[in-house]
Amino acid sequence: MSTLPERHPGGSELSSYLDGGLSDRRTKAVARHVEACPACGRELAALRKVSSALASQEEVEPRPGWLSRVQEQVAAGARPASTARIRHRLRLRLAGGIAAVAVGLVSVGLWLAPPPPAPVSFQDEVRQHLVQMSNPLSDQTSYVVEARYP
Ligand SMILES: [Zn+2]
């Protein structure tokens, strides 16, 4: 049973070893280790498989003309269906809110409106008239109305 020359390299060190990103001393040490250590040898093999699979991935190109098709749809006012429905619902709710506010304003206006004028007596009419003329006698409750005849 051979003794392992080094501690087990971690996954990131194995990855750096594959990429050639280790110092010469570490590269030699890891190479010696993975030859002697079956577990690290398996891990290195798995890493090599993953990196070669990634390297063979082709870049995905969009189909020709997709950008102009998207631009046409945006220019035509295309929106996702769900967004359109949300906007419609929002508009309905807004309209309902405006109607409710209008009803509220009308009822407040009716409430604030003065009651219809009650029929006033001749005395009250004179007093109101004197109050309007800032007559000091206007706080009397009764008046003697003089009729002057020429
Ligand atoms: Zn090992």
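Not measured: the values here are computed from a predicted model.

1. Some points on helix H2 (residues 24–36)
Stage number 1. With 13 residues, H2 ought to run about 18 Å at 1.5 Å a step, and its terminal C-alpha atoms sit 19 Å apart, in line with that.
Stage number 2. Residues Val30, His33 and Val34 constitute the buried set of H2. One side of H2 holds all its buried residues, which, seen down the axis, span an arc of 90°. In H2, the exposed positions that point more than 90 degrees away from the buried face belong to Asp24 and Arg25.
Stage number 3. Close packing links the buried residues of H2 with helix H1 (11–19) and helix H3 (38–55).

2. A few points about the nonpolar core
Stage number 1. Membership of the largest hydrophobic core is limited to six residues, which are Leu14, Tyr17, Val30, Val34, Cys40 and Leu44.
Stage number 2. Put simply, the parts of the chain that give this core at least two residues each are H1, H2 and H3.
Stage number 3. The contact partners of Cys40, leaving out residues within four places of it in the chain, are His8, Pro9, His33 and Val34.

Conventions we followed
Residues numbered from 1 in each chain as written. Predicted model: local features only at pLDDT ≥ 70, side-chain atom pairs only at ≥ 80, totals over all residues. Helix = DSSP H or I, 4+ residues; strand = E, 2+ residues; numbered from the N terminus. Expected span 1.5 Å × (residues − 1). Buried ≥ 20, exposed ≤ 12 C-beta atoms within 10 Å, placed from the backbone. Arc of directions from axis to C-beta. Contact = placed C-beta atoms within 7 Å. Core = buried A, V, L, I, M, F, W, Y, C linked by C-beta atoms within 7 Å.

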